[in-house]
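Residue-level structural notes
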Amino acid sequence: MTKSNRTVNRIILFVLGLVAVVVGLAIGAGVLPAVRDVLRPYVTFPRSVDVPAASLWIIAVVCAVVIVLSLVWVFTRGGGGTSVAVRERSGDDAVTINVALVRDVMEHELHGVGDVVNTKVDVYQVRKERAARVRVAVRRGGDAVAVLDAVDHAVGVLDRTLGRPVPVLVHLTGGTRSALAKSVRVH
């Protein structure tokens, strides 16, 4: 429900961070004698660098393009996560329902299901409509069909509670946390 791939984001952040560290060390070595002395056994820096003025303009333009592209990347990511699950307007009145209500209803309805380890609810703005994503961690070896039926019942209760249907994406997960979880949950 987001606009970008999490792995690609992490790789880009890692590469940008690595470049920032290298550039910071190079600048620090050129400016601070203490940093230069620490880096001297590993890197040889020239005493002076003659850079033509045209090259400086090229470097400045490249840096400006990178900054603009980075800002575009930052401001277009996120996929519209919101804390408002439902907003209804009637004349001058407005009713706003927070995602916490959706989370509480789903957790309450799934509390008695033995194969459910954990639930997490997020609400996103998708094409000018709010949609909920419900992630349910299912115990390893648990009955996924029974859990899906319980989630379907919980979504029905949620729709009746809110007074109108809300689009819901259900994501059943498993994994290490599900495998290591105890069979008894305490809330």
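Described in the following lines is the structure provided in the data block. Given the structure is predicted, the values throughout are model-derived calculations rather than measurements.

Considering the overall build of the chain
Scanning the chain from terminus to terminus reveals 6 helices and 6 strands. For the chain, the sequential pattern of α-helices and β-strands runs α-α-α-β-β-β-α-β-β-α-β-α. In the chain, which comprises 187 residues, the share counted as buried stands at 22%. Of the roughly 13,400 Å² of accessible surface on the chain, 62% is carried by carbon and sulfur atoms.

Side note on the nonpolar core
Ranked by internal contacts, the top residues of the largest apolar core, which has 25 residues, are V102, M106, L110, V136, V147, V151 and L162. Looking at this core element by element, the count peaks at 8 residues for helix α5 (residues 144-162). Here M106 is in contact with V121, V134, V151, A154, V155 and L158, once residues within four sequence places are set aside.

Description of the environment of V126
Within the element layout of this structure, V126 appears in strand β4 (residues 116-126). When its relative accessible area of 33% is taken as the criterion, V126 is described as partly exposed.

Brief notes about a positive patch on the surface
A cluster of basic side chains, namely R6, R10, R103 and K120, defines a positive patch on the protein surface. Within the element layout of this structure, R10 appears in helix α1 (residues 6-31). Since its relative accessible area comes to 56%, R10 is described here as exposed.

Things to note about the pairing of strand β3 (residues 93-98)
The sheet contact formed by strand β2 (residues 84-90) and β3 spans 6 bridges and is antiparallel. Pairing of R87 across the sheet is with T96, part of β3. Counted between consecutive antiparallel strands, the loop separating β2 from β3 contains 2 residues, among which G91 sits at a positive phi close to 70°.

A closer look at the environment of A131
Relative to the helices and strands, A131 resides in strand β5 (residues 129-138). By relative accessible area, which is 12% here, A131 ends up buried.

Topic: the side chain of T119
Within the element layout of this structure, T119 appears in strand β4. Leave out the neighbours within four places in its chain, and T119 touches E107, L110, R135 and V136.

A look at a nonpolar patch on the surface
A cluster of nonpolar side chains, V8, I12, L16, I67, L71, W73, V74 and F75, forms an exposed patch at the surface whose accessible area comes to about 750 Å². Within the residue set of the nonpolar patch, elements represented by two or more residues are α1 and α3 (53-76). Ranked by residue count, the leading element in the nonpolar patch is α3, at 5 residues. One can find V8 in helix α1.

Considering the environment of R164
Structurally, R164 is set in the loop between α5 and β6 (168-173). Taking relative accessible area as the criterion, R164 reaches 31% and is therefore assigned partly exposed. A sequence separation of 78 residues divides R164 from V86, and the C-alpha atoms of the two residues are 9.3 Å apart. Once residues within four sequence positions are removed from consideration, R164 is found in contact with V86, E88 and D159.

Some remarks on the sheet that holds β6
Spatially, 4 strands are ordered β1-β4-β5-β6 in an open sheet, and the strand pairing comes out mixed. Strand pairing shows two members of the sheet lacking a second neighbour, β1 (81-82) and β6, which therefore form its edges. With respect to the sheet, helix α4 (residues 99-110) is in contact with β4 and β5, its orientation differing from that of β4 by roughly 150°. Most of the contacts of α5 go to β6, to which it runs at about 155°, and overall it touches β4, β5 and β6.

Brief notes about the pattern of salt bridges
Tallying each qualifying case throughout the model produces 2 salt bridges. D122 serves as the salt-bridge partner of R135, at 3.3 Å between the closest nitrogen and oxygen. Linking R135 in strand β5 with D122 in strand β4, this pair joins segments that are 13 residues apart in sequence. The class of R135 is partly exposed, set by a relative accessible area of 22%. Within the structure, one salt-bridge network assembled from shared partners comprises D122, R133 and R135.

Thresholds, definitions, all that
- Residues numbered from 1 in each chain as written.
- Predicted model: local features only at pLDDT ≥ 70, side-chain atom pairs only at ≥ 80, totals over all residues.
- Heavy atoms only, no water.
- Helix = DSSP H or I, 4+ residues; strand = E, 2+ residues; numbered from the N terminus.
- Buried < 20%, exposed > 50% of the residue type's maximum accessible area, 1.4 Å probe, protein only.
- Areas by Shrake-Rupley, 256 points an atom, 1.4 Å probe, with all protein chains shown as cover.
- Core = buried A, V, L, I, M, F, W, Y, C linked by side-chain atoms within 4.5 Å.
- Contact = heavy atoms within 4.5 Å.
- Patch = residues over 30% accessible without salt bridge, like charges linked within 9 Å, V, L, I, M, F, W, Y side chains within 5 Å.
- Salt bridge = Lys/Arg side-chain N within 4 Å of Asp/Glu carboxyl O.
- Lys, Arg positive; Asp, Glu negative; His and termini not counted.
- Charge placed at Lys NZ, Arg CZ, Asp CG, Glu CD.
- Pairing = 2+ DSSP bridges.
- Axes fitted to C-alpha atoms, helices over the stretch in contact; angles between N-to-C directions.

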